[in-house]
Amino acid sequence: MKKLKTSEKQTQSAIIEFLRWKGWTVFDLQRPKFSKGKGLPDLLAWKGKNMIFWEIKSPTTYYKATPEQQQFFKDLERVEKVKGAVVRSIDEVKKILGI
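Given the structure is predicted, the values throughout are model-derived calculations rather than measurements. (Residues numbered from 1 in each chain as written. Predicted model: local features only at pLDDT ≥ 70, side-chain atom pairs only at ≥ 80, totals over all residues. Heavy atoms only, no water.)

### Quick look at the pattern of salt bridges
For step 1, the next point in the chain: Taken as a whole and judged by the stated rule, the model has three salt bridges.
For step 2, the next point in the chain: Between Asp28 and Lys9 there is a salt bridge, with the nearest N and O atoms lying 3.9 Å from each other. Here the residue Asp28 occupies a position in strand β1 (residues 25-28), and Lys9 occupies one in helix α1 (residues 8-21), the gap between them amounting to 19 residues.
For step 3, the next point in the chain: On the basis of relative accessible area, Asp28 is assigned to the buried category, the value being 13%. (Salt bridge = Lys/Arg side-chain N within 4 Å of Asp/Glu carboxyl O. Helix = DSSP H or I, 4+ residues; strand = E, 2+ residues; numbered from the N terminus. Buried < 20%, exposed > 50% of the residue type's maximum accessible area, 1.4 Å probe, protein only.)

Below, the structure written as structure tokens:
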């Protein structure tokens, strides 16, 4: 019997379902209405004090993260603090950034 290949989208859907089942909040960064920058991973998930960006690849692919994705994860390792903010102006952004 021939084994069916699992697509990246199927893998991603399964991972989202699993994370949500385990109590994680998951945000799909690949949604068409989301403005995706180069290197931004596929998913953002958080639970309690933990937040993880996930880049999903098909189990059958040999593709690695792109150079932009590798740089994103490298930059992320230096992050010491994560914040969330609702802003309505550049002045509010400046206030939060302390500039």
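### Some points on the packing of aromatic side chains
For step 1, the next point in the chain: On inspection of all chains with the given rule, the structure shows three aromatic pairs.
For step 2, the next point in the chain: Seen from their ring centres, Phe18 and Trp21 are 6.0 Å apart, and the 45° between their planes marks the pair as tilted. Within this pair, Phe18 and its partner Trp21 are both found in helix α1, separated by three residues, close to a single helical turn.
For step 3, the next point in the chain: Assessed through its relative accessible area of 44%, Phe18 is described here as partly exposed.
For step 4, the next point in the chain: Accessibility expressed as a relative area gives 67% for Trp21, which makes it exposed.
For step 5, the next point in the chain: Where Phe53 meets Phe72, the ring centres are 5.1 Å apart and the plane angle is 75°; that geometry is what we call edge-to-face. Highlighted residues: Phe53 in strand β3 (residues 50-54) and Phe72 in helix α2 (residues 67-76), separated in sequence by 19 residues.
For step 6, the next point in the chain: Of the residues examined, Phe72 reaches a relative accessible area of 22% and is grouped as partly exposed.
For step 7, the next point in the chain: Ring-pair connections join several aromatic residues into one group, and the members of that group are Phe53, Phe72 and Phe73. (Phe/Tyr/Trp six-rings, centres within 6.5 Å; stacked < 30°, edge-to-face > 60°.)

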